[in-house]
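Here's the letter readout for the chains.
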Number of protein chains: 4
Amino acid sequence: MGTAPAPDSPPTGKQPRTERGRRTLRRLLDAAAEEFGEKGFHEGSISGITQRAGVALGSFYTYFDSKDAIFRELVHDLSARVGSEARSALSGDLRPLEAEQAALTAFLTFARDHKEIYRIIDEAEFVDPASFRQHYETTAARIHERLRQGAREGELRDDLTEAHAWAIMGMNVFLGLKYAVLSDDKPVEDIAAIANSILQHGIGKTGTE
Amino acid sequence: MGTAPAPDSPPTGKQPRTERGRRTLRRLLDAAAEEFGEKGFHEGSISGITQRAGVALGSFYTYFDSKDAIFRELVHDLSARVGSEARSALSGDLRPLEAEQAALTAFLTFARDHKEIYRIIDEAEFVDPASFRQHYETTAARIHERLRQGAREGELRDDLTEAHAWAIMGMNVFLGLKYAVLSDDKPVEDIAAIANSILQHGIGKTGTE
Amino acid sequence: MGTAPAPDSPPTGKQPRTERGRRTLRRLLDAAAEEFGEKGFHEGSISGITQRAGVALGSFYTYFDSKDAIFRELVHDLSARVGSEARSALSGDLRPLEAEQAALTAFLTFARDHKEIYRIIDEAEFVDPASFRQHYETTAARIHERLRQGAREGELRDDLTEAHAWAIMGMNVFLGLKYAVLSDDKPVEDIAAIANSILQHGIGKTGTE
Amino acid sequence: MGTAPAPDSPPTGKQPRTERGRRTLRRLLDAAAEEFGEKGFHEGSISGITQRAGVALGSFYTYFDSKDAIFRELVHDLSARVGSEARSALSGDLRPLEAEQAALTAFLTFARDHKEIYRIIDEAEFVDPASFRQHYETTAARIHERLRQGAREGELRDDLTEAHAWAIMGMNVFLGLKYAVLSDDKPVEDIAAIANSILQHGIGKTGTE
DNA sequence: AATGAATGAGACTTCATTCAT
DNA sequence: CATGAATGAAGTCTCATTCAT
């Protein structure tokens, strides 16, 4: 991943020793994703999580130190999954603009299945600003790296900066907000094509095609 | 601004009948912007607001029915101010792409002075989804209308859709997040120029200028 | 009224000096009867009273020292009105049992028009125990005196005690509760006749008639 | 007791699952009876209850959803206990008027030990009208049934209606108020005898005995 | 006298976290 | 490991009462 920041060490939850423990841990994480996705961090409650997970309230603390802790783990988890989703969409040998389009398509698809990601990452801004910041910095860095690669390949302008990466990320995030979260009736490919057309030749009239 | 939706009537909090009352109300709103901006909706407290405002706890309820109520009023307020900021930046006679650039510049400037707007509008997504949605729908509609106007003037492509508007809005919002909120050391004009270059001819090599 | 306890001095509300003041005072008392009748003492509020009365909140304290004060005045008022209601029903020259029946009829009629009296006097038990006690002691004393008078006239047994008076009062109050407050579809005369038949000859079979 | 309404299922508070839990629940109920008995529903406080019970404030909510909820449970409880008190006093084989006297004696005895029942049931009129109404309707229905039974046995008049039952209940309640709550120096038997003499042959002179 | 803003104590309720079993 | 009762700090909101105009 090139100059990507140091690989984030997974937040050290207490590691379960038994198989049964591992199952409970996973159930708690999934339940937390549901709970926080539906109600948000503050409205969501530990007891809501344990009820969804079907375990006793006290058991929560066998696996997590606090409400914040599980939330951080969740943000980390989702952030990693979004990244890996994009990565696997880029496995083939794509030209730069095709790559961006593929990444966006993958992201939109993922977002439709995991609408809670918006809520959870948004709330991370308050609950765990470091995670929030890191998520976007990392994502932007990945995009930026791809842009530089494209420039090296001679297909993209070579004055593309971090700001360009943030601009592209912003487009993607908001298209996801509008067309994956707020409504989800348009094909993700169409949305990704629109973003791509902007990247290809802007919005001016001269842009033939 | 053309087909912009009817100006929303302000949420009717209890109207003060004396001058003193009007002063207190304003102090509370400003204090709330600070409090929620720093701590977010849930961590922020009414007593935090009244302390900042220098009034007694109970006085809050002379003007607002609840914590939600003042938050809604705040979102409404900020949303309106962002809009009016953009509008006044567009007063002159600008060509379409210049207009977008001017709007972004104005927005970034405003955001640097009112960093809290990000947290507040973000949280509106959960606290008052209607306001949140309306804020972005309205903003996107304004952009979309400008795009269509540009097309009518023959300067922009005429296949520009709502999705294009959302994409542009996303760019703007994320550039603001990065260069107005997370760090604010670069001139806003430079940032706006970058966005503009994307809108002019995309990021591809061919787009010489 | 014979040996009735010392005539209760009216609770000294602040006496208004002007005509306008007297009107406001009366409006407040009437409003309080409504407010407390509908919501009870604790749920009722001063601001509810002043709103009903159409005066400013602060004006309340021009006429009453406290929420308790107006409530006491109200209890006193109602208690006096019930008494006077009974008294005027007894103006004619009635035989003892007829007198009791007439008193009950008058009471039931009054209660139907002033259902709030139950609520208000009941709550006096907590808010102003002295008033509560005095209301019932006074009422019982009046009944007791009538019973003794009846005995002196040779029409009633002469072993009738305070307890008999309380028993009769209890009958009356509960018949009022059932047939004036909880439902009010039966003629008050019928109810009073039933009470009377008990007083005349009990409920045993032997009681010919 | 004949046509008495179906025994009401107890309001389902959260059932404790451990022995310790059951103890705490009982302590809270007893404490609530004290607290509400002394101060009434509105002046009584949850913290007053938990202090009397010797548990933390928050523990209250382990067992009850709200202040209202525990109050309802209490009314239900007391109402049931009064009923069962009367029932067991009637176990023997008594003639109708003896039965009424026994029931009253039992009630007065219970009331002397549980003076709070008056305040609590009185307040139920506002806090939980349904319970209040049901308590008296049920009690009256029980009395009425006994009267009809007495009539069938040829010992009582057979024109005894619901109103007669309410009249008798009223006598009983007010004798309890006067001689169990307001003062308690007279033997309950004497009081019950007085009520009985009224039921036997009224208060008129002719009723020799 | 009247007005209505201001005050602040106090109540209920929630819930993350701890603890005994 | 699991359970669920217990804890108590903290927060929102109400409202009687006071005060400045």
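Residues numbered from 1 in each chain as written. Chains lettered and ligands numbered in written order. Predicted model: local features only at pLDDT ≥ 70, side-chain atom pairs only at ≥ 80, totals over all residues. Heavy atoms only, no water.

By the naming in an unreviewed UniProt entry, chain A goes by HTH-type transcriptional regulator YvdT and is assigned to Croceibacterium atlanticum.

Topic: the protein's contact with DNA strand E
Heads up, the rule is: We define proximity as follows: a residue is near a molecule or strand when any one of its heavy atoms falls within 4 Å of that partner. Polar contacts, as used here, are pairs of N or O atoms within 3.5 Å; protein pairs need one atom able to donate a hydrogen and one able to accept it. Residues neighboring in sequence count only if both atoms are side-chain atoms. Strands are runs of DSSP state E lasting at least two residues, helices are runs of H or I lasting at least four, and both sets are numbered from the N terminus onward. Think of it as three bins: nonpolar holds Ala, Val, Leu, Ile, Met, Phe, Trp, Tyr, Cys and Pro, charged holds Asp, Glu, Lys and Arg, and polar takes everything else, Gly as well.
In the region of DNA strand E, 33 residues are neighbours, and A:Ile46, B:Thr24, B:Ala56, B:Tyr63 and C:Tyr63 sit closest. Across the atoms of DNA strand E situated within 4 Å of the protein, the share located in sugar and phosphate is 72%. Within the contact set of DNA strand E, a phosphate oxygen lies 2.9 Å away from a backbone nitrogen or oxygen of A:Ile46. Of all the secondary structure elements, the ones that give two or more residues to the surface near DNA strand E are helix 1 (19-43) of chain B together with helix 1 (19-43) of chain C. Split by residue class, the surface near DNA strand E holds 13 nonpolar, 14 polar and six charged.

As for the interface of chain A and chain B
To be explicit about the condition: The contact definition used throughout considers only heavy atoms, calling two residues in contact when any of these lie within 4.5 Å. Reported buried area values correspond to the accessible surface (1.4 Å probe) lost by two parts on association, with both partners' losses combined. Salt bridge, as used here, is a side-chain nitrogen of Lys or Arg placed within 4 Å of a carboxyl oxygen of Asp or Glu.
Across the contact, 46 residues belong to chain A and 47 residues belong to chain B. Summed over both sides, the interface of chain A with chain B buries roughly 4600 Å², with 65% coming from carbon and sulfur. Here chain A and chain B share five salt bridges between them. On the surface where chain A and chain B come into contact, there are 20 residue pairs in polar contact (both at pLDDT 80 or more). Elements with a contribution of two residues or more to the side of chain A that touches chain B: helix 1 (19-43), helix 6 (116-127), helix 7 (129-152), helix 8 (162-182) and helix 9 (188-201) of chain A.

So, the relation of the copies chain D and chain C
Inclusion rule: The atoms used to superpose the copies are C-alpha atoms, taken from residues with pLDDT of at least 70 in both, and the fit is least squares.
With an RMSD of 0.3 Å, chain D superimposes on chain C once it is rotated by 179° and translated 0.1 Å along the axis. The superposition of one copy onto the other is thereby described by a two-fold rotation axis. Residue by residue, 96% of the interface of chain D is reproduced at the interface of chain C, so both copies engage with the same surface.

Thoughts on the packing of helix 1 (residues 19-43) of chain D against helix 2 (residues 46-53) of chain D
Residue and element names in this part refer to chain D. Quick note on the threshold: Only the stretch in contact is used when fitting a helix axis, every axis being a line fitted to C-alpha atoms; angles between N-to-C directions are given from 0 to 180 degrees. Any angle that falls under 35 degrees is termed roughly parallel, while one over 145 is termed roughly antiparallel, one within 65 to 115 roughly perpendicular, and all others oblique. With the far helix as reference, a near helix turned anticlockwise by less than a right angle produces a left-handed crossing, and one turned clockwise produces a right-handed crossing.
Between helix 1 and helix 2, the shortest axis-to-axis distance is 8 Å and the interhelical angle comes to 125°. Between helix 1 and helix 2, the angle falls in the class oblique. Of the two elements, helix 1 crosses helix 2, and the hand of that crossing is right-handed. Facing Arg27, Leu28, Ala31, Ala32, Glu34, Glu35, Phe36, Glu38 and Lys39 of helix 1, the residues of helix 2 in contact are Gly48, Ile49, Thr50, Arg52 and Ala53. Residue composition of the contact of helix 1 with helix 2, by class: six nonpolar, two polar and six charged.

What about the relation of the copies chain A and chain B?
The operation relating chain A to chain B is a screw motion whose rotation component is 179°, with 0.2 Å of axial translation and a residual RMSD of 0.3 Å. Interface overlap between copies is the fraction of interface residues in one copy that are interface residues in the other; for chain A against chain B it reaches 100%, indicating a shared surface.

A short note on the packing of helix 1 of chain B against helix 4 (residues 67-89) of chain B
Between two packed helices, both the angle of their axes relative to each other and the distance between the axes serve to describe the pair. All names here are of chain B. Relative orientation of the contacting elements helix 1 and helix 4 amounts to 100°, with a least axis distance of 10 Å. The orientation of helix 1 relative to helix 4 falls into the category roughly perpendicular. Note on element contacts: helix 4 touches helix 1 through Lys67, Asp68, Ile70, Phe71, Glu73, Leu74 and Asp77, opposite Arg26, Leu28, Leu29, Ala32, Ala33, Phe36, Phe41 and His42. Residues belonging to the contact of helix 1 with helix 4 are distributed by class as follows: nine nonpolar, one polar and five charged.

As for the arrangement of the chains
Taking C-alpha atoms only, the smallest gap left between chain A and chain C, which are not in contact, amounts to 30 Å. At no point do chain B and chain D touch; the closest pair of C-alpha atoms across them sits 21 Å apart.

Focus: the protein's contact with DNA strand F
Around DNA strand F sit 33 residues, and of these A:Tyr63, D:Thr24, D:Ala56, D:Gly58 and D:Tyr63 come closest. Counting only the atoms of DNA strand F within 4 Å of the protein, the fraction contributed by sugar and phosphate is 74%. In this structure, a phosphate oxygen belonging to DNA strand F sits 3.1 Å away from a side-chain N or O atom of C:Tyr61. Looking at the surface near DNA strand F, the elements with two or more residues in it are helix 1 of chain A together with helix 1 of chain D. Of the residues contributing to the surface near DNA strand F, the split by class is 13 nonpolar, 14 polar and six charged.

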